[in-house]
Amino acid sequence: MFVYERGIRLNGSNVWVDVGRKVETCIVSHGHMDHAKKHQLILATEKTIAILKNRIGLNDAHVLRYGEPFHLDGFSVTLYPAGHILGSAQVLIEMNGRRLLYSGDFNIAGSATAEPIEIPESDILIMECTFGKPHYRFPHRQQIEQQLVTFVERTFAAGKVPVVVGYALGKSQEAMKIIGAAGYAMAVHSAAAKMARIYEQYGIVFGDWQSLNKDDLHDKVLIVAHHVTKTRFLARMQNKRTLFLSGWAVDSGFRFRVRTDEALPLSDHADFPGLMRYAKQVNARQIFTTHGFDEFAYHLRQEGYDAQPLKKQAQLELF
Ligand SMILES: [Zn+2]
Ligand SMILES: [Zn+2]
């Protein structure tokens with residue numbers, strides 16, 4: 001039913017899922033660049049297509065709706081919300097009553113800007129495991145959101161400019177939603193601002209924000225991607241305080257590596273207990289892990305699952 005050849009392909013067909021090189025037809029789980037290329041034909045949610053059109057352009061695209069099976073080369077393909085970023089999806093593929101679920105990137109802890117995850121059951125599961133080591137446990141979301149707002153308050157109170165650093169798609173919009181809801185005005189760097197406009201088209205409201213203008217930063221929270229902190233304009237800014245938003249902030253050395261003053265584990269991925277809960281809900285008889293530590297498959301086996309890492313070079317018949 002499935003073949004793995006540095007990417008997942010539907011067996012006997014030329015349809016791929018999230019493959020890392022350009023192909024003719026690919027189902028794309030979401031708009032992050034490690035999952036999408038400018039394929040000849042992309043099958044994805046309307047929001048993912050809008051994001052990809054803006055980021056890399058499109059050749060041809062076909063919209064798939066959450067929960068509605070689409071028939072293709074004898075397979076049935078159904079997308080389910082993944083809770084990761086706007087439009088993100090898990091991909092359930094069925095043939096002759098057998099089911100394979102590809103998780104894509106997912107988050108089960110809730111999000112301010114992504115559709116809540118819906119987890120289907122499946123026989124075979126291919127799951128991401130970005131934070132698949134036991135010490136990756138994120139605090140409760142409400143607590144992290146509160147810490148983010150407190151950072152902004154403290155920084156303004158000290159007469160400094162709060163600079164929130166995060167990935168341009170997904171993380172920046174989460175930060176905007178939380179900071180905007182707390183009543184602060186924001187100046188958003190161009191890549192994140194472009195993505196925020198797509199979010200707005202789909203009904204997400206961010207509050208008081210504008211594109212970053214160096215000459216008008218008064219009383220504004222800056223939202224920028226990591227590379228922007230190295231630009232001359234920000235590197236030279238004296239009265240700033242920087243905060244990086246990432247699940248990797250759980251590692252104590254993280255903020256030194258990324259050279260920010262602070263870091264908070266606001267993640268759009270599941271943490272270790274979240275990955276375990278997800279595996280339990282899918283209730284698959286066989287699990288392959290991808291996008292993360294091989295060690296996670298070992299932890300799944302400890303819990304009684306038949307699990308193994310999906311090896312990058314291997315050719316493997318999955319079904
Ligand atoms: Zn992603
Ligand atoms: Zn990813």
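A. Structural context of the coordination of the zinc ion (ligand 1). At 2.1 to 2.2 Å from the zinc ion (ligand 1) lie its protein donor atoms, namely His-30 (NE2), His-32 (ND1), His-84 (NE2) and Asp-105 (OD). Around the zinc ion (ligand 1), the four donor atoms sit at angles spanning 91 to 160 degrees, and that spread fits a shape best called irregular. Here the donor residues for the zinc ion (ligand 1) map to a single chain with the spacing H-x1-H-x51-H-x20-D. A separation of 3.5 Å is found between the zinc ion (ligand 1) and the zinc ion (ligand 2), which are bridged by Asp-105.

B. Representation of the side chain of Ser-246 in the model. Considering the arrangement of structural elements, one finds Ser-246 in the loop between strand S16 (240-245) and helix H6 (254-258). Within polar-contact distance, the side chain of Ser-246 engages the backbone nitrogen of Trp-248 at 3.0 Å. The residues contacting Ser-246, other than those within four sequence positions of it, are Lys-171, Phe-254, Leu-264, Pro-265 and Leu-266.

C. Just the coordination of the zinc ion (ligand 2), in detail. For the zinc ion (ligand 2), every protein donor is listed as Asp-34 (OD), His-35 (NE2) and Asp-105 (OD), and the spread of their distances is 2.2 to 2.4 Å. Motif for the zinc ion (ligand 2), donor spacing along one chain: D-H-x69-D. Given the relative accessible area of 45%, Asp-34 is considered partly exposed.

Rules and cut-offs
- Residues numbered from 1 in each chain as written.
- Chains lettered and ligands numbered in written order.
- Predicted model: local features only at pLDDT ≥ 70, side-chain atom pairs only at ≥ 80, totals over all residues.
- Heavy atoms only, no water.
- Donors = N, O, S within 2.8 Å, 3.2 Å for Na, K, Ca; no water.
- Tetrahedral: all angles 85-135°; square planar, octahedral: opposite > 155°, others 65-115°.
- Helix = DSSP H or I, 4+ residues; strand = E, 2+ residues; numbered from the N terminus.
- Polar contact = N/O pair within 3.5 Å; in protein donor to acceptor, adjacent residues only side chain to side chain.
- Contact = heavy atoms within 4.5 Å.
- Buried < 20%, exposed > 50% of the residue type's maximum accessible area, 1.4 Å probe, protein only.

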